[in-house]
Amino acid sequence: MAAIVVCKMDAQDGNTLTAACSVGVSGQPIPLEGPGSGPQQLPGSQVSYTLDANNRSTLFECGDEDDLLVIDSSQYSSQTLNNCEPPLLELRGCSNAILSNTTFISITRSTAQPECTISKYGPCMAVVGAATQETDWSFSSLANTFTSTICASISATSGRVGGAFAFERNDSPGAMTAVVKGSTFTSTACDFGGAIHSANASLTLTDSTFTGTLAVDGGAVLFVGTNATVAPIQQLSVKSSTFTSSTAVTTGGMIEVAGGAVSIDDSTFTNGDAKIGKCVWLDKCESYTEDKITNNTWTGCAKPESPPISWCKAHDGNKWTTCGMEGPRECY
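Structure report, in brief. Just so it is clear, the model here is predicted, and its values are computed rather than measured.

1. A look at the overall build of the protein
Part 1 of the argument: Check the secondary structure of the protein and you find 0 helices and 34 strands.
Part 2 of the argument: Seen along its three principal axes, the alpha-carbon backbone of the protein occupies a region of about 60 × 40 × 30 Å.
Part 3 of the argument: Across the 332 residues in the protein, those meeting the buried criterion constitute 54%.
Part 4 of the argument: Intrachain contacts of the protein at a sequence separation of at least 6 include 71% that bridge at least 24 residues.
Part 5 of the argument: Across the protein, the centroid of the 17 positively charged side chains sits 8 Å from that of the 32 negatively charged ones.

2. Some points on a nonpolar patch on the surface
Part 1 of the argument: Together, Ile4, Val6 and Val25 line one region of the surface with nonpolar side chains, adding up to about 280 Å² of accessible area.
Part 2 of the argument: In this fold, Ile4 is placed in strand β1 (residues 4-11).
Part 3 of the argument: Owing to a relative accessible area of 39%, Ile4 belongs among the partly exposed residues under this scheme.

3. Regarding the pattern of salt bridges
Part 1 of the argument: Taken as a whole and assessed by the stated rule, the structure comprises 5 salt bridges.
Part 2 of the argument: Measuring nitrogen to oxygen at the nearest pair gives 2.8 Å for the salt bridge that ties Arg92 to Glu90.
Part 3 of the argument: On the basis of relative accessibility, which here comes to 6%, the residue Glu90 falls in the buried class.
Part 4 of the argument: Between Lys313 and Glu290 there is a salt bridge; the shortest N-O distance is 3.4 Å. Here Glu290 lies in the loop between β29 (280-282) and β30 (293-294) and Lys313 lies in the loop between β32 (310-311) and β33 (319-320), a separation of 23 residues in the sequence.

4. Comments concerning the sheet that holds strand β22 (residues 221-224)
Part 1 of the argument: Pairing is mixed in the open sheet, where 12 strands are placed in the order β4-β5-β6-β9-β12-β15-β18-β22-β26-β29-β34-β32. Pairing within the sheet leaves two strands with one partner each, and these edge strands are β4 (40-41) and β32.
Part 2 of the argument: Where strand β18 (residues 196-199) meets β22, 4 bridges bridge the pair, whose relative direction is parallel. Pairing of Ala199 across the sheet is with Val224, part of β22.

5. Some words on unusual backbone geometry
Part 1 of the argument: The phi dihedral of Asp13 is positive, around 55°, even though this residue is not glycine.
Part 2 of the argument: Structurally, Asp13 is set in the loop between β1 and β2 (18-23).
Part 3 of the argument: Asp13 sits in the exposed class, given a relative accessible area of 58%.
Part 4 of the argument: Look at Asn101: it is not a glycine, yet its phi comes out positive at around 50°.

6. Some remarks on the side chain of Glu85
Part 1 of the argument: Assignment of secondary structure puts Glu85 in the loop between β8 (75-81) and β9 (89-92).
Part 2 of the argument: Buried within the structure, Glu85 lacks any salt-bridge partner; Arg109 is the closest side chain of opposite charge, at an N-O distance of 6.0 Å.
Part 3 of the argument: A distance of 3.2 Å separates polar atoms of two side chains, one belonging to Glu85 and the other to Asn54.
Part 4 of the argument: Among residues more than four places away in sequence, those in contact with Glu85 are Asn54, Thr80, Arg109 and Ser119.

7. Here we look at the packing of aromatic side chains
Part 1 of the argument: This model, assessed by the stated rule, comprises 14 aromatic pairs.
Part 2 of the argument: Pairing Phe104 with Phe146 gives two aromatic rings, centres 4.8 Å apart and planes at 5°, and the pair type is stacked. In this pair, Phe104 is assigned in strand β11 (residues 103-109) and Phe146 in strand β14 (residues 145-151), connecting sequence segments 42 residues apart.
Part 3 of the argument: Classification of Phe104 by relative accessible area gives buried; the value is 0%.
Part 4 of the argument: Of the residues examined, Phe146 reaches a relative accessible area of 0% and is grouped as buried.
Part 5 of the argument: A centroid spacing of 5.2 Å and a plane angle of 5° characterise the contact between Phe146 and Phe185, whose relative ring orientation is stacked. Linking Phe146 in strand β14 with Phe185 in strand β17 (residues 184-186), this pair joins segments that are 39 residues apart in sequence.
Part 6 of the argument: Grouping aromatic residues by their ring pairs yields a cluster made of Tyr76, Phe104, Phe139, Phe146, Phe165, Phe167, Phe185, Phe210, Phe243, Phe269, Trp298 and Trp320.

The rules behind each value
Residues numbered from 1 in each chain as written. Predicted model: local features only at pLDDT ≥ 70, side-chain atom pairs only at ≥ 80, totals over all residues. Heavy atoms only, no water. Helix = DSSP H or I, 4+ residues; strand = E, 2+ residues; numbered from the N terminus. Buried < 20%, exposed > 50% of the residue type's maximum accessible area, 1.4 Å probe, protein only. Contact = heavy atoms within 4.5 Å. Lys, Arg positive; Asp, Glu negative; His and termini not counted. Charge placed at Lys NZ, Arg CZ, Asp CG, Glu CD. Patch = residues over 30% accessible without salt bridge, like charges linked within 9 Å, V, L, I, M, F, W, Y side chains within 5 Å. Areas by Shrake-Rupley, 256 points an atom, 1.4 Å probe, with all protein chains shown as cover. Salt bridge = Lys/Arg side-chain N within 4 Å of Asp/Glu carboxyl O. Pairing = 2+ DSSP bridges. Polar contact = N/O pair within 3.5 Å; in protein donor to acceptor, adjacent residues only side chain to side chain. Phe/Tyr/Trp six-rings, centres within 6.5 Å; stacked < 30°, edge-to-face > 60°.

Given below as structure tokens:
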């Protein structure tokens, strides 16, 4: 029988983690214990947790794709991880998990690098697929806040992904979809995907706000999908969201779309900056369909006909003060 596991995590003001999970609707809270001692299974479920030796980072692993893991009303603040420690939260093989009403404030992955394996994820949260997930599955972020969550000294050679979230289908046979709704990202930064990095998964952003984010590529979001001509198509959908003053060193000041397909609706983009693609950069022509970009406002993006190319003709209710969609010239 499937279990519902609800966890509350608290690691504020640089202090170590205090956390508890309950199993079932009326289950009693079970304190999470044993930093550095390996996986601990939560009774009545196939969900296990591992507390890192730093007593701040937690890995949840789900052995049954029918179990539901919910992390709610949690708080992390003023935490610093070195370049090898795992993110504060990592979920592996957890189908349809939810993070809700949680705040991350002043979380830093530093450049300190002891002799160990470097983590490729940003400081906050990674959601990673597993071979046990045979059916399609999702992850949902609902009403979460990320403020000043950063990878220090961003660089292409460091390769860290997702200043707030890293989504990765990994070994999952089932397709992955990540949904981010009603969430706020302010002053987040990482090497790739200043707020969000998504790889081999569909991603939906709704009613969310991105302000002052920074990356080498994908100042707010870096979406990496498979070829948009091969089914099933991985889709980046942006709805009723706001992007302001985001920057990429190289490509995609606000969003970079590398494969898959993109739709953007009822959203606002203001003052993006990058060497290529000041607001939205599309790596591949097949990712773009004109009638999937509707009712948006674009200000402080690229100038018309700025290199390599900008799409800036009136269509589908868009307000083009400057050109927000850019891609290779052969796509025009």
